[in-house]
Amino acid sequence: MTPVTRQEVLGLYRKIFQIAKKWQSASGQIEETIKEKEYIKNEAKTLFRKNKNVTDPKLIKQCIEECEARIEIGLHYNIPYPRPIHLPPMGLAHKQGRMLRHQEKLRKISKPIYLKSHDEVS
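Residues numbered from 1 in each chain as written. Predicted model: local features only at pLDDT ≥ 70, side-chain atom pairs only at ≥ 80, totals over all residues. Heavy atoms only, no water.

The name an unreviewed UniProt entry gives the protein is LYRM1 protein, with Podargus strigoides as the organism. In its Sequence similarities (unreviewed entry) section, the UniProt entry covering the protein states "Belongs to the complex I LYR family." (UniProt positions renumbered as here; feature names shortened; annotations may be inferred.)

As structure tokens, then:
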């Protein structure tokens with residue numbers, strides 16, 4: 001990892017904890033706020049530790065992009081949890097054939113970047 005990339009990753013890690021420190025839940029309830037703050041901290045620790053040995057520059061860039069996307073979406077919607085996508089069943093199938101394996105492959109490809117690591121951790 002280059003020094004610039006290392007600084008960028010550490011900056012994102014600090015930014016997440018600053019966001020967690022200032023976080024207020026949408027409901028305004030203290031218990032909910034505390035629960036969401038803990039989720040943000042635990043999720044960050046888990047994902048950063050999981051990816052600490054990644055050395056491939058492309059994978060590092062992908063992880064950074066995912067982190068930035070999750071931060072922006074979380075701040076925009078005021079929800080710390082990843083927003084699932086809705087794909088109707090068989091909505092991605094081609095007109096000729098509706099094979100299940102092809103369906104699953106298309107679902108995997110169409111998954112947004114901010115959900116890539118969520119399924120692996122949860």
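On we go from here.
What follows is about the overall build of the protein. Counting secondary structure elements, the protein contains five helices and zero strands. Listed by position from the N terminus, the elements making up the protein come as α-α-α-α-α. With 122 residues in all, the protein has 26% of them scored as buried. Within the protein, contacts between residues separated by at least 24 positions form 68% of all contacts whose residues are at least 6 apart in sequence. Carbon and sulfur atoms form 56% of the exposed surface of the protein, whose accessible area is close to 9,100 Å². (Helix = DSSP H or I, 4+ residues; strand = E, 2+ residues; numbered from the N terminus. Buried < 20%, exposed > 50% of the residue type's maximum accessible area, 1.4 Å probe, protein only. Contact = heavy atoms within 4.5 Å. Areas by Shrake-Rupley, 256 points an atom, 1.4 Å probe, with all protein chains shown as cover.)

Turning our attention to the packing of aromatic side chains. Within this structure, the stated rule accounts for three aromatic pairs. Both rings, one in Tyr 39 and one in Tyr 81, keep their centres 4.5 Å apart while their planes meet at 55°; by these two values the pair is tilted. Here the residue Tyr 39 occupies a position in helix α2 (residues 30–50), and Tyr 81 occupies one in the loop between α3 (57–77) and α4 (100–109), the gap between them amounting to 42 residues. Three or more aromatic residues link up through ring pairs in this structure, and these residues are Tyr 13, Phe 17 and Phe 48. (Phe/Tyr/Trp six-rings, centres within 6.5 Å; stacked < 30°, edge-to-face > 60°.)

Turning our attention to the nonpolar core. In terms of nonpolar packing, the biggest core is built from 13 residues, with Leu 12, Ile 16, Ile 40, Ile 64, Cys 67 and Ile 71 touching the most fellow members. In terms of residues, this core owes the most to one element, helix α1 (residues 3–22), which gives five residues. (Core = buried A, V, L, I, M, F, W, Y, C linked by side-chain atoms within 4.5 Å.)

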